[in-house]
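Single-letter residue listing:
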Amino acid sequence: MILQLAFRSLWSRKFTSGLTIFSIALSMLLLVGVDRIRKGTQVGFEGTLSQTDLIVGPRGGSLPLLLYAVFHIGTANNNISYATYQHFAHHPAVLWTIPISMGDSHRGFRVVATDDNFYEHYRYRGDHALELAQGARPEGIFDAVLGSTVAAQLHYHVGQKIILSHGLEGSFLKHTADPYTVVGILKHTATPVDRAIYVTLLGDEAMHLGWEHGAPPLTSIPGSQIHASDLHVSEISAFLLRTKSRIGTLFLQREINTYKPEPLTAIIPALTLEDLWSVLSAADVALTLVSGAVLVVGLLVMLTALYTALNERRREIAILRTLGLHARQIFTLFILESTLISALGAIIGVAAAYAVLFLVRVPVENNYGIPLAMVGISARVVYYVIAAVGAGTLLGFIPAIRAYRNALVDGLNAG
Amino acid sequence: MEPAEAIHLQNAVFGYDRRNPVLHVEELVVKTGKRVFLYGPSGSGKTTLLGLITGILQPQSGSCQVLGKEMTRMSMSARDQLRGSEIGYIFQSLNLIPYLTVQQNVALPCHIHARRRKNIVAPTVDKEVERLINRLELDTHLDRGVKKLSTGQQQRVAIARAIIGKPSLVIADEPTSSLDTDRQQAFLELLFEVCEEAKATLVFVSHDKSLMTRFDEQIALSEVSRVSA
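Residues numbered from 1 in each chain as written. Chains lettered and ligands numbered in written order. Predicted model: local features only at pLDDT ≥ 70, side-chain atom pairs only at ≥ 80, totals over all residues.

A.B. asks: A description of the overall build of chain A should follow, citing residues and the corresponding values.
C.D. replies: When helices and strands are tallied, chain A shows 12 helices and 15 strands. Considering only contacts in chain A between residues 6 or more positions apart, those separated by 24 or more positions represent 81%. (Helix = DSSP H or I, 4+ residues; strand = E, 2+ residues; numbered from the N terminus. Contact = placed C-beta atoms within 7 Å.)

Here's what the structure looks like:
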């Protein structure tokens, strides 16, 4: 009964109620959006690589190593020798390794040289293995496999010849002498795997045959004249590794970090990701504070709207009193109005946040390579909703107490 | 069992602060079933008196019996209950809740009080609203907003709301002063008829003596109250 009155009263003031609900919804959108994007990125990043215990690269920062080796963000400064890789690949504590060699690109997409282990052992989001949507794994020197996004965006198909560029985007140096053939396309994984082109380690060497000084050779050797037996892999950028036992991981990490023949860095991906989140948490806190301030403004807008309407509503209060409504029911009516406004605002805001997250997910992943997972309602979102509705209800006490007093003091005089 | 007196005030004193009473009624009696004209110029304490009768205000001293119940001995919510279920009230103007439709305004007492709902003539509240609106010759859409109605129409909707569910007492505070003279007569006629049908006692308050001859009894506030404005 009182609830119906509250609804109808708000509905009759559609414009102001709507604006107030909108401003609260907007602040909830910001609050929840910041939180969900943070969480979505975390889940997305964490889902990109699983079952890998260590990432090994040249001595350097652990975060850059993680970012370039797995997420294709940034570049490797140094390489590690293939001999070192071989040493650890055959280490008794090691279950498998995936070598990674990077440095070239094709129309904005990274080219990653790796071997069969990649297709065999790479896992994402728990236990998902890579699968080919079309074609086969690369075998020949000039075979390439495309990530699903690469194939979709460039409209490539199996059998197509592609020319890779030396270095990253916008490079003038093209490996025009050695066109690659697309032999396979990976299934969609919703991770950065989709945004790269995969060639063999020997293919990478072949491409750079004669490039030892970082520039094209004066007389390039056509691809058709290069044979696998002429090539040997000398360096890779990094490698992923899985140990036979969890305990082995820490020992091996220590062993790699103190490996005498070559300075190396071994990182545990999950721990390094934690470092990344703690770096980003300052930005998260700042954004959350700003969104919180917007919420306060939204609630104050509501208070203003309800409080200003009080004077016009003295007559309404008097009528409701003659109809036998208790003063405390009048109080309830006003509290309900503020609660409804803040609850509607909060619900619409949360819904909008999820809608936005759903809509930007694919573009963000495609344009920035940041994996953004769809994540459910978290405790933090629930707290935000409770806080918004609670604060709305509490602020509602101010006009409600005034209305209660009017109900008692004005009696039949109002209006 | 209906008490013989609908209203009986004795030595009822009221003031917004204790030392300055604005109203002191020595004795006021309204018999059950009568149509009473309560005369008082503006500022004579009419609204305060109606506040006492409806139980919105409490006298500081004296007694105030309404429909056989001693208001001074009742809790505030018991008085609210009595007012809502037994008393219909019509203001001078702006009687209606602006954000409700005609239908919702008239049905309001039935939704608040079970006793009003129980006393309806038609089988459902909706039908009862329809019946009363037809009875009051309002040819308006029931689900229309009340803001678009003319003053005369609004006052008749107010009658419908005051009378729905047959309250024992109907109080009208200057209900005709916002109407022109022709309509005043028609309005009064309708009010009398529906009060008759509901067997309700009617207390009609006005400063306009031209209407008073049509009532069973006339009381001048200045004669019952010792405090003059």
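A.B. asks: Run through the interface of chain B and chain A, naming residues and quoting values.
C.D. replies: At the interface, 24 residues of chain B touch 18 residues of chain A. Of all the elements in the fold, those that place two or more residues in the side of chain B that touches chain A are α1 (46-53), α2 (76-86) and α3 (102-112) of chain B. In terms of residues, the side of chain B that touches chain A owes the most to one element, α2 of chain B, which gives 6 residues.

A.B. asks: I'd like to hear about the nonpolar core, residue by residue, with values.
C.D. replies: Residues and elements named next belong to chain A. Met28 and Ile330 are the most contacted members of the largest nonpolar core, which totals 118 residues. The element that contributes the greatest number of residues to this core is helix α11 (residues 327-368), accounting for 14 residues. Aside from chain neighbours lying at most four places away, what touches methionine 28 is Leu295, Gly345, Ala346, Gly349, Val350, Tyr384 and Ala388. Among the nonpolar cores identified, the runner-up in size contains 55 residues, and Leu201, Ala206, Phe239 and Leu241 belong to it. (Core = buried A, V, L, I, M, F, W, Y, C linked by C-beta atoms within 7 Å. Buried ≥ 20, exposed ≤ 12 C-beta atoms within 10 Å, placed from the backbone.)

A.B. asks: How would you sum up helix α4 (residues 82-89) of chain A? Please name residues and give values.
C.D. replies: All names here are of chain A. Thr84, Tyr85 and Phe88 are the residues of α4 that are buried. In an axial view of α4, the angular spread of the buried residues amounts to 100°, which keeps them on one side of the axis. If you follow the buried residues of α4, they end up packed against β1 (54-58), β2 (80-81), β3 (94-106), β13 (235-236), β14 (238-243) and α8 (246-257). (Arc of directions from axis to C-beta.)

A.B. asks: Go over the sheet that holds strand β7 (residues 169-173) of chain B with me, naming the residues and quoting the values.
C.D. replies: All names here are of chain B. Read across the open sheet, the 5 strands follow the order β6-β7-β8-β3-β9; overall the sheet is parallel. Strands with a single pairing partner mark the edges of an open sheet, and in this sheet they are β6 (87-90) and β9 (217-220). Along the sheet, successive strands turn relative to each other by an average axial angle of 15°, direction set aside. In this structure, β6 lies alongside β7, joined through 4 bridges in parallel fashion. Following the sheet pairing, tyrosine 89 is matched in β7 by isoleucine 171. Against the sheet, helix α6 (residues 151-163) engages β6 and β7, with an angle of about 165° to β6. (Pairing = 2+ DSSP bridges. Axes fitted to C-alpha atoms, helices over the stretch in contact; angles between N-to-C directions.)

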